[in-house]
Structure formats: structure tokens, C-alpha cells
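Observations on the three-dimensional arrangement
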Amino acid sequence: MQFERKKNYFITLEGTEGAGKSTALKFLHSALLKAETPVVITREPGGTLIAEEIRALLLGEHSETMCSDTELLLMFAGRAQHLTQLIRPALAAGQWVLCDRFTDASYAYQGGGRGIAEQRIAVLESWVQQDLQPDITILLDLPVEMGLQRIIKRGNLDRIETEQQAFFQRVRDCYLERAKQFPNRFRIVDASQSLAKVKEMLQGIIDELVNSNP
Ligand code: Z5A
């Protein structure tokens with residue numbers, strides 16, 4: 001008798017500011033472990049030694065302004081390293097990968113936020129990823145003002161988090177546009193709801209994936 005190989009998913013988690021990604025990530029991780037899913041949890045920018053060094057450069061404060069192209073290219077430099085060293089080998093070994101942000105964030109922040117043309121980002125995307133795309137992207141969405149109030153309360157803002165409200169509105173608009181463009185891949189979760197409700201929705205997504213497995 002031949003057993004079908006179980007599908008292992010590449011899941012990415014995205015969100016606007018203060019959407020509660022850190023909390024959601026912990027919940028998703030434990031839900032996958034409870035379902036006895038072999039999962040690697042990682043993040044972008046970052047995820048490997050070199051990519052984490054690039055992250056420090058990206059999120060740190062500098063005495064010189066980082067230009068938008070540098071920011072975009074560094075995001076993809078880190079992604080190339082991350083894909084080669086961690087994501088592709090994990091997927092090839094049959095593990096699920098749960099990644100805190102991925103290329104949709106480059107479209108949202110460097111494209112929507114900074115105004116870099118989508119086509120330029122698409123060139124880097126196909127260079128670095130070839131045909132690899134996440135299977136599922138969970139987007140935690142909430143009104144910008146509400147998210148900013150949450151992160152101001154939390155404190156400890158990084159270089160990108162100190163941007164103006166209009167920047168984050170463009171980021172949100174771009175995420176929602178991408179969700180419309182790729183409806184099969186995106187799952188939108190209303191992050192303005194109570195944490196209990198958000199967790200219930202996340203559990204529903206995990207159940208859908210685990211149960212869809214042969
Ligand atoms: N970036 C980019 O520009 N381009 C790229 O290609 C990539 C990334 C990959 C670092 O990302 C930055 O990199 C990010 C995008 C950019 N920049 N910004 N800004 P990150 O993912 O490491 O950092 P982050 O966006 O700041 O995410 P975070 O640390 O996970 O924070 P969060 O989503 O804002 O969530 P939180 O800290 O869990 O929640 C914020 C507060 O709200 C906290 O006090 C919670 O207790 C509270 N909270 C959470 N959920 C709820 C609910 N449901 N109700 C009430 N209160 C809640």
C-alpha cells in the first residue's frame with residue numbers, strides 16, 4: 001500500500017502596526033505543535049545569522065538616512081540568505097515553515113509605504129524566490145489609528161515604527177490590495193477584535209490546513 005506524502009505548508013504572517021503579530025505567532029506555533037505538525041518558526045527580516053545582522057542594520061537608527069532602494073535591497077539580500085539556509089531546506093525536509101513576515105511586507109512597506117514601483121519589487125521577488133510562494137498568508141488587519149495607539153502604549157519603537165500615520169495607511173491599503181489580488185493565498189483576520197476572538201479565527205485556519213492534509 002502506498003501512502004501519500006503529507007503536504008507541508010509554508011505559512012507567512014503579516015500585519016499592520018500593533019496588529020498583535022507577536023501574540024498571534026506564539027499561538028499559531030503552539031496550535032501547530034498540538035496538531036503534531038513538525039514546524040520551523042522564523043522571521044523576516046532575519047532568520048539566520050547573516051540575515052539577523054542585516055535586520056540589525058535595517059531596524060537600527062543611523063546618523064545617515066537609509067534610502068528606500070537600500071532598504072528594499074537589504075530586505076531581499078536577507079531573504080536570499082534566509083531562503084537558502086533555512087526556508088528551502090526545511091520545506092524540502094517535509095517541515096512546515098511559519099514565517100513572521102515575508103515578501104508581502106516588501107510590497108506593503110517599501111512599495112506602498114516608501115513608494116517604490118511594484119514592478120521593481122517583482123523583479124527582485126522572481127530573482128530571489130524563483131517560483132516559491134507562501135501557501136497561506138495570514139493578514140492581521142486593523143485600522144491604523146488603533147494599531148498605533150497599541151504600539152505607543154507598548155513602547156520601544158524601531159526605525160520603521162517611527163514613521164507617520166499616512167505611511168502606515170499606505171502600508172495597510174497595499175496589504176488589503178494584495179489580499180484581493182491573491183484571494184486563495186490570503187486569510188484576513190480582523191485584529192481589532194478581542195484576543196480571544198482573534199485566537200479562535202487563527203485556530204480555524206490551522207484546523208483547515210491540518211484537516212485538508214491527506
Ligand atoms: N519590514 C519591511 O519593511 N519590509 C520587509 O520586507 C519585511 C519587514 C520582511 C520589523 O518587523 C519591521 O520590518 C516591520 C516591517 C518591516 N516594521 N515596522 N514597523 P517585525 O515584524 O519584527 O516588527 P513589528 O511590525 O513591529 O511587529 P511585532 O513586534 O510583532 O508587533 P505587533 O504586530 O505590533 O504586535 P504585538 O507587539 O504583539 O502587539 C502590540 C500591542 O498590542 C501589545 O501590547 C499587545 O499586547 C497588544 N495587543 C495585541 N493583540 C491585541 C488585541 N487583540 N487586543 C488588544 N490588544 C492587543
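Scope of this entry: the structure provided in the associated data block. (Residues numbered from 1 in each chain as written. Predicted model: local features only at pLDDT ≥ 70, side-chain atom pairs only at ≥ 80, totals over all residues. Heavy atoms only, no water.)

Our next topic: the overall build of the protein chain. Of regular secondary structure, the protein chain possesses eight helices and five strands. Overall, the protein chain shows an N-to-C arrangement of helices and strands of β-α-β-α-α-β-α-α-β-α-α-β-α. At 17 Å, the protein chain has a C-alpha radius of gyration in line with the 17 Å of a compact globule built from 214 residues. For the protein chain, the spread of C-alpha atoms along the three principal axes comes to 65 × 40 × 30 Å. Looking at the protein chain residue by residue over its 214 residues, the buried ones come to 49%. Long-range contacts, defined here as pairs at least 24 residues apart, represent 78% of the contacts in the protein chain between residues at least 6 apart. (Helix = DSSP H or I, 4+ residues; strand = E, 2+ residues; numbered from the N terminus. Rg over C-alpha atoms; globule rule 2.2 N^0.38 Å. Buried < 20%, exposed > 50% of the residue type's maximum accessible area, 1.4 Å probe, protein only. Contact = heavy atoms within 4.5 Å.)

The subject of this paragraph is the packing of helix α6 (residues 144–154) against helix α7 (residues 165–181). α7 packs onto α6 with a crossing angle of 120 degrees between their chain directions and a minimal axis gap of 10 Å. Classified by the angle their axes make, α6 and α7 are oblique. In this structure, α6 meets α7 at a crossing whose hand is right-handed. On α7, the residues that touch V144, E145 and L148 of α6 are Q165, F168, Q169 and R172. (Axes fitted to C-alpha atoms, helices over the stretch in contact; angles between N-to-C directions. Parallel < 35°, antiparallel > 145°, perpendicular 65-115°, else oblique. Left-handed = near helix turned anticlockwise from the far one by under 90°.)

Turning next to the nonpolar core. Note that soluble globular proteins tend to have their nonpolar side chains buried in a common cluster. Ranked by internal contacts, the top residues of the largest apolar core, which has 38 residues, are F10, I87, V97, Y109 and Y175. Put simply, the parts of the chain that give this core at least two residues each are α2 (49–59), α3 (68–92), β3 (96–100), α4 (103–113), α5 (118–129), α6 and α7. Here this core takes eight residues from α3, the largest share from any one element. In this structure, Y109 is in contact with G15, T16, E17, R101, R114, I160, F167, F168, V171 and Y175, ignoring residues within four places of it in sequence. Counting residues in each nonpolar core, the second largest holds 24 residues, with F27, L202, I205 and L209 among its members. (Core = buried A, V, L, I, M, F, W, Y, C linked by side-chain atoms within 4.5 Å.)

Looking at the secondary structure, you find N8 in the segment before β1 (10–15). Here N8 falls in the buried class, since its relative accessible area comes to 8%. Reaching out from N8, the side chain makes a polar contact with the backbone oxygen of L91 at a distance of 2.9 Å. Engagement of the side chain of N8 in a polar contact is seen with the backbone oxygen of Q95, the distance being 2.7 Å. Sequence-distant contacts of N8, that is, excluding residues within four places in its chain, are made with A90, L91, G94, Q95, W96 and D135. (Polar contact = N/O pair within 3.5 Å; in protein donor to acceptor, adjacent residues only side chain to side chain.)

What follows is about the packing of α3 against α4. Put simply, α3 and α4 touch, their axes get as near as 11 Å, and they point 175 degrees apart. The angle between the axes of α3 and α4 places the two elements in the roughly antiparallel class. For the pair formed by α3 and α4, the contact residues are E71, L72, M75, F76 and R79 on the first element and T103, S106 and Q110 on the second. For the contact of α3 with α4, the residue count by class is three nonpolar, three polar and two charged. (Nonpolar A, V, L, I, M, F, W, Y, C, P; charged D, E, K, R; others polar.)

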